[in-house]
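Report on the structure
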Amino acid sequence: MATEDARYRQSSQYRLWSFTPSHLSTLREKTNTLARTHISNRMRASDPPVDPLPDFLTPAEEYQILNHFTLELLRAAPYCQLPTDIQATAAIFLRRFYVTNSVMTYPPQELIKTCLFFGCKAEGCFMRVQKIANTFPNTTDEMVLAAEYVLCQGIRFAFDVRHPFRALEGAIIELRRLGDFDDDRLNRAHKRTREILKFSPLVTDAYFHYTPSQIMYAAMAIVDDELVHRMMREAFAGQGEDIKDKIWGVIENCKAMLEKEPPEKMSTYWNDVESTKAMKALRKKLTKCRDPDRVDLVALQKARREQASQTQKPKGDANGDEKVFGNGNGNNQERESKRRKVAADGDVFGPPL
């Protein structure tokens, strides 16, 4: 029977969406460079051409905007009455999409709506698109659905997202079984760890670098690292200290990443004057360097549909059809003769025997 680790290594999350920090950084830089090149060409070819070209966003600025709209998504999700798993899946879809797509190419304010709706689908919660549209001002069903196929392409049709929430429940059950800690301590750790998991990994790159269990242990270590050490002693009983030190080092690195984005930021971010001012400047810069062909995703989708409908289908080979079905005119005459014969007999099954 395959171990949990072996099953995770077969998942699309590990095979397609796990990167080292350097690899992820390289991918984002490449995405930014390609977007700048394509948008520059389109602006020069527009009528009238754009000259001089605007200042484009840097990879670091794109990452700031991505984090901002991840927070926007998490703020909007409760208004749609979406459970935690769907909120997390939608946030990860958004972050996966913008690994290989630039915020200058596809507007993130439109993608968060599509991610919320498609997150419902991926998690088996079939919500009406109108409910998502009603959550946002000046939004129609078409606007929510316009980027759906683009999103699927961007996340490489990998709809399975493994979250650390179930791992947390299993860890708490195991700690209760061991009986080394009182229930009040475990309940406090459980509540606080879940609060961290619902926010910090979703606005960082934790899902790209660590497994769900590593993220869970890192969040629990922020709250009460003694609980994590007890779990590790149980899990690695009889094994050398080297393997324990190696695992703890990974947990410490993940812990440091999560600590940069505490859950309290969800309430303080919107009232932070400096953050608001910085984001306002970045969004103004983004407006000037957006891809002119993809500003309106609804119009883009309609144009593609019209182009597809106007494409003529190739006609079949008439000679080939006649070889299989016989001569078309002859068949029509034969069918008409049989119809008249049946009508004359008055019985579709023929005369009595």
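Residues numbered from 1 in each chain as written. Predicted model: local features only at pLDDT ≥ 70, side-chain atom pairs only at ≥ 80, totals over all residues. Heavy atoms only, no water.

1. Observations regarding the overall build of the protein chain
Along the backbone of the protein chain there are 19 helices and zero strands. For the protein chain, the exposed surface amounts to about 20500 Å²; the carbon and sulfur share of it is 51%. (Helix = DSSP H or I, 4+ residues; strand = E, 2+ residues; numbered from the N terminus. Areas by Shrake-Rupley, 256 points an atom, 1.4 Å probe, with all protein chains shown as cover.)

2. Structural notes on unusual backbone geometry
Excluding glycine, a negative phi dihedral is what most residues carry, and trans is how most peptide bonds are arranged. Note that the residue after Asp47, namely Pro48, is joined by a cis bond; omega there is 0°. The omega torsion across Asp51 and Pro52 is 5°, close enough to zero to call that bond cis. In this structure, Pro52 sits in the loop between helix H3 (21-45) and helix H4 (59-76). A positive phi angle is found at Gln81, which is not glycine, with a value near 60°. Relative to the elements of secondary structure, Gln81 occurs in the loop between H4 and helix H5 (84-100). What makes Gln81 exposed here is its relative accessible area of 64%. Although it is not a glycine, Phe157 sits at a positive phi angle of roughly 55°. Here Phe157 lies in the loop between helix H9 (148-154) and helix H10 (165-178). Its relative accessible area of 46% is what places Phe157 among the partly exposed residues. (Buried < 20%, exposed > 50% of the residue type's maximum accessible area, 1.4 Å probe, protein only.)

3. Section: the side chain of Asn101
Structurally, Asn101 is set in the loop between H5 and helix H6 (108-122). On the basis of relative accessibility, which here comes to 16%, the residue Asn101 falls in the buried class. Only 3.1 Å separates the side chain of Asn101 from the backbone oxygen of Phe97, close enough to count as a polar contact. Once residues lying within four places of it in the same chain are set aside, the contact partners of Asn101 are Thr31, Tyr106 and Gly154. (Polar contact = N/O pair within 3.5 Å; in protein donor to acceptor, adjacent residues only side chain to side chain. Contact = heavy atoms within 4.5 Å.)

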